[in-house]
Amino acid sequence: EVRCDTVPAGDGLGGGEAEMRALTLGMEEDEAAEMYEGADGPENNDPLSPDATGKKRSMVKGIGKGIKSLWRSASFRTGGDDKPAKERILNELARCRHPRAHKDGGLINDDLEGIKMSRSVVAEIVKLMGKKLLSGQNLMSVTFPVRCCQPRTILECAAYQFVYAPHYLGRAAEAKDPAERLKQVVCCFTACMHTTSQFVKPFNPTLGETYQAEFAGGVALHMEQTSHHPPVTSWLLTGPGGAWRYFGWSTYEASFGYNRLFVKQSGLRQCEFADGTVIDVGFSMDRYNNVYWGELVQEMVGAYVFTDKKAGVRCTVELNAVKGAPSDVVAGSIERFGKDGAAQGGPVCAVEGSWLGYLDFDGVRYWDYSSETRVEPVLVGDPLPSDSRFRGDRN
């Protein structure tokens, strides 16, 4: 019997918890305890943090201090500093935050039945593969039983990452000032971070599988699975009258850590506007805490970078940015840069907020969770025969 969903949380490896982990890993208790030695710290087994040997953090984490410095510089221009900024953010979050936001940060998953089912499957796989799976092996190479999948494909789930695009990319297309346009794009992607949160695995699309949807206001979405191994999803989202379009492709890797699951995306994401402006959008990482036991919480880690090369402006937003505040708090700045990529002058403005609450630029609110700016996707009436809805195994 694998008891993943019944083991109580604890501070250490005493008694039944150590036994549980040993059972899950398919190894002896003392071997499991040795493997998890000192692993209870929040930074351990995090790809963006120092490892047990004290090696330096990755480049993404390493630029965190620089981002904070830029944010502080911009914040000082409006009379801010670290302590008042933290208090200001906490006060705003008390008024405007996702109802499932965890007090320490991140989004709580309340699909208890789905979590229980997924944990039982994960426990079986971990028991069979043991250390090999927990050492960071890409889960894309692991076969999961169909019973742990929800009756939707990745394409159908991914369509919800576009729900804020009709509003914010539409406003970005109308903006004449490059910094103002960049603000709207940053809002679009920060607001949508919570919209695809889920733990129950979707079906992998087959090669050539498609998905078509539309959004109010004349926005059309076309998606296709353009590679099976590695999994690559491509998309084209077009605004009305050719005012803007958002296109790209993404692939992802998933790996287990200490009671955690990491999902890392990479690829290309670009927003293009009628005047020729192209804004490159970076990627962050999803981290699911308490995968095997405890309350399941999704966090976003790393940094988001938005770059307008034509205008020479970029926005860098660090996630989990303010010490002592919930982990969903973000902070950063917009800055100008030269042809060599080096920053020119001071920051244009400060950015702060939370991907589960709101986003402010120099104290001006551009997005908050309670605003009615979300637009749901609607299936088109006459899709291609390769559309996800025609899969025979989805039920």
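Just so it is clear, the structure is predicted and the values come from calculations on it, not from any experiment.

On to the pattern of salt bridges, then. Overall, the coordinates contain 16 salt bridges when judged by the stated rule. We note a salt bridge from arginine 365 to glutamate 92, for which the minimum N-O separation is 2.8 Å. Separated by 273 residues along the polypeptide, arginine 365 in strand 17 (residues 364–368) and glutamate 92 in helix 5 (residues 82–95) bring together distant segments of the chain. On the basis of relative accessibility, which here comes to 32%, the residue arginine 365 falls in the partly exposed class.

In this structure, Val185 and Phe306 are the most contacted members of the largest nonpolar core, which totals 54 residues. Here the element with the most residues in this core is helix 10 (residues 178–191); it accounts for 7 residues. Ignoring any residue separated from it by four or fewer positions in sequence, one finds valine 185 in contact with Leu169, Ala172, Cys271, Phe273, Ile279, Val281 and Phe306.

Take the environment of tyrosine 304 next. Tracing the chain through its elements places tyrosine 304 in strand 12 (residues 303–308). In sequence terms tyrosine 304 and threonine 190 are 114 residues apart; their C-alpha atoms lie 9.0 Å from each other. Polar contacts involving the side chain of tyrosine 304 include one to the side chain of arginine 269, which spans 3.2 Å.

Below, the discussion takes up helix 10. Between its terminal C-alpha atoms helix 10 stretches 20 Å, which fits the 20 Å expected from 14 residues at 1.5 Å a residue. In terms of burial, helix 10 is largely enclosed, as 12 of its 14 residues are buried. All of the buried residues along helix 10 are Ala179, Arg181, Leu182, Lys183, Gln184, Val185, Val186, Cys187, Cys188, Phe189, Thr190 and Ala191.

This part covers the confidence of the model for the protein chain. Of the residues in the protein chain, 73% have a pLDDT of 70 or more, and the chain-wide mean is 80. Low pLDDT, under 50, characterises residues 1–20; the predicted model gives this stretch 31 contacts beyond four residues in sequence or across chains. Long-range and interchain partners of residues 22–64, a stretch whose pLDDT sits below 50, account for 64 contacts in this model, where long-range means more than four residues apart.

Residue proline 230 is reached from histidine 229 by a cis peptide bond, and omega for that bond is 0°. Positioned with a positive phi, asparagine 290 is a non-glycine residue whose angle comes to about 65°. Within the fold, asparagine 290 resides in the loop between strand 10 (285–289) and strand 11 (297–301). Even without being glycine, asparagine 320 reaches a positive phi, approximately 55°.

The subject of this paragraph is the packing of aromatic side chains. Two measures describe an aromatic ring pair: the distance that separates the ring centres and the angle between the ring planes. By the definition in use, this model includes 10 aromatic pairs. Both rings, one in phenylalanine 162 and one in tyrosine 246, keep their centres 5.8 Å apart while their planes meet at 65°; by these two values the pair is edge-to-face. Within this pair, whereas phenylalanine 162 is found in the loop between helix 8 (154–158) and helix 9 (165–174), its partner tyrosine 246 is found in strand 7 (residues 244–257), the two being separated by 84 residues in sequence. Given the relative accessible area of 2%, tyrosine 246 is considered buried. An aromatic cluster of three or more residues is present, and its members are Phe162, Phe189, Trp235, Tyr246, Tyr304 and Phe306. One residue, arginine 181, lies across the ring of phenylalanine 273, its end atom 4.6 Å from the ring centre. In this arrangement the basic side chain of arginine 269 is found over the ring face of phenylalanine 283, its NZ or CZ atom lying 4.4 Å from the centre.

Criteria and cut-off values
Residues numbered from 1 in each chain as written. Predicted model: local features only at pLDDT ≥ 70, side-chain atom pairs only at ≥ 80, totals over all residues. Heavy atoms only, no water. Salt bridge = Lys/Arg side-chain N within 4 Å of Asp/Glu carboxyl O. Helix = DSSP H or I, 4+ residues; strand = E, 2+ residues; numbered from the N terminus. Buried < 20%, exposed > 50% of the residue type's maximum accessible area, 1.4 Å probe, protein only. Core = buried A, V, L, I, M, F, W, Y, C linked by side-chain atoms within 4.5 Å. Contact = heavy atoms within 4.5 Å. Polar contact = N/O pair within 3.5 Å; in protein donor to acceptor, adjacent residues only side chain to side chain. Expected span 1.5 Å × (residues − 1). pLDDT = per-residue confidence, 0-100. Phe/Tyr/Trp six-rings, centres within 6.5 Å; stacked < 30°, edge-to-face > 60°. Lys NZ or Arg CZ within 6 Å of the ring centre and 35° of its normal.

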